[in-house]
Amino acid sequence: MYYYAQDYNKVFLGAGTDYSSFCSELVAKAYSGAEIEIIGCKAPSKVTPAHFDKEADALVDWIDVTEEYKQLLLDMNKNEFPYRLALKTLSAVMDRRKVNEQFREKMISKLESGSSENKVTAEKFKELLAGRELKFWHEKKS
């Protein structure tokens, strides 16, 4: 979820950025963010699908779940509604959070430049935001 709505990185195997990823780069960033090292010290922007394939062949901890997911996808196709509803709901919530971020920042900035009571309120808002369990790539570090 951290990388939700991130732009697609069209510069394959380039320097990499914090605001865009290509397919295998996104997966490598997710593993790196979870502090799971599977591709050595290779930068996420330098990881290709072949690297994952090579690691899967070498590691005994990897499990092939292809057949399980084939069946799951077939079952999903029989009744798409709950899956589409969940996706649309999650997407709407995430989009709202991203849009509202700029308003939160402006509000906090206004509060910080106001009275001492407003400054206390701004600090409380920043503490609440810093305590979030789920953060996203586009949100400022707090």
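None of these values were measured; they are calculated from a predicted model.

**Looking at the overall build of the protein chain**
Here is step 1: Counting its secondary structure elements, the protein chain contains five helices and two strands.
Here is step 2: In sequence order, the secondary structure elements of the protein chain are arranged as β-β-α-α-α-α-α.
Here is step 3: Relative to its length of 142 residues, the protein chain is extended, with a C-alpha radius of gyration of 20 Å against a globular reference of 14 Å.
Here is step 4: Seen through its principal axes, the protein chain has C-alpha atoms that stretch 60 × 40 × 30 Å.
Here is step 5: Burial analysis of the protein chain (142 residues in total) assigns 19% to the buried set.
Here is step 6: Put simply, 44% of the contacts in the protein chain that link residues at least 6 apart link residues at least 24 apart.
Here is step 7: Summed over its atoms, the accessible surface of the protein chain is roughly 10900 Å², and 59% of this surface lies on carbon and sulfur atoms.

**Quick notes on the environment of Phe125**
Here is step 1: In this fold, Phe125 is placed in helix H5 (residues 116–130).
Here is step 2: Given the relative accessible area of 32%, Phe125 is considered partly exposed.
Here is step 3: Along the backbone, Phe125 and Ile108 are 17 residues apart, and their C-alpha atoms lie at a distance of 7.3 Å.
Here is step 4: Those residues in contact with Phe125 that sit more than four places away from it in its chain are Met107, Ile108 and Leu111.

**Observations concerning the side chain of Asn9**
Here is step 1: Inspection of the secondary structure puts Asn9 in the loop between strand E1 (7–8) and strand E2 (20–21).
Here is step 2: Side-chain polar atoms of Asn9 contact the side chain of Glu25, separated by 3.1 Å.
Here is step 3: The contact partners of Asn9, leaving out residues within four places of it in the chain, are Gly16, Ser20, Ser21, Phe22 and Glu25.

**Focus: the environment of Met107**
Here is step 1: Checked against the element boundaries, Met107 lands in helix H4 (residues 81–112).
Here is step 2: Sequence-wise, Met107 and Ala15 are 92 residues apart; in three dimensions their C-alpha atoms are separated by 35 Å.

**Points about the confidence of the model for the protein chain**
Here is step 1: Counting all residues, the mean pLDDT for the protein chain is 85, and 96% of those residues have values of 70 or more.
Here is step 2: Per-element mean pLDDT across the protein chain ranges from 82 in E1 up to 92 in H5.

**A few points about a nonpolar patch on the surface**
Here is step 1: Taken together, the side chains of Ile63, Val65, Tyr69, Leu72, Leu73 and Tyr83 define a hydrophobic patch exposed on the protein surface, amounting to about 590 Å² of accessible area.
Here is step 2: At three residues, the largest contribution of residues to the nonpolar patch is made by helix H3 (residues 66–78).
Here is step 3: Classification of Leu73 as partly exposed rests on a relative accessible area of 48%.

How each quantity is defined
Residue numbering note: each chain is counted from 1, following its sequence as written. This being a predicted model, a pLDDT of at least 70 is required before a residue's local features are given, and a value of 80 or more before pairs of side-chain atoms are given or counted; all residues contribute to the totals for chains, interfaces and linings. Side-chain calculation: all heavy atoms of the structure are included, whereas hydrogens and water are not. Numbering of helices and strands runs from the N terminus, with a helix taken as a DSSP run of H or I at least four residues long and a strand as a DSSP run of E at least two residues long. Each radius of gyration reported is based on C-alpha atoms, and the globular scaling rule is 2.2 Å times the count of residues to the power 0.38. Here the term buried applies to any residue with accessible area under 20% of the maximum for its type, exposed to any over 50%, and partly exposed to those in between, with areas from a 1.4 Å probe on protein chains only. Note on definitions: a residue-residue contact is assigned when non-hydrogen atoms from the two residues lie within 4.5 Å. We get accessible surface area from the Shrake-Rupley algorithm with a probe of 1.4 Å; when it comes to residues, only the shown protein chains can shield them. Counted as a polar contact is a pair of N or O atoms within 3.5 Å, where, for protein atoms, one must be capable of donating a hydrogen and the other of accepting one, and residues adjacent in sequence contribute only when both atoms are in side chains. Known as pLDDT, the predictor's per-residue confidence is scaled from 0 to 100. Candidate patch residues must exceed 30% relative accessible area and have no salt bridge, after which like charges are joined if within 9 Å and Val, Leu, Ile, Met, Phe, Trp or Tyr side chains if within 5 Å. Any Lys or Arg side-chain nitrogen located within 4 Å of an Asp or Glu carboxyl oxygen qualifies as a salt bridge.

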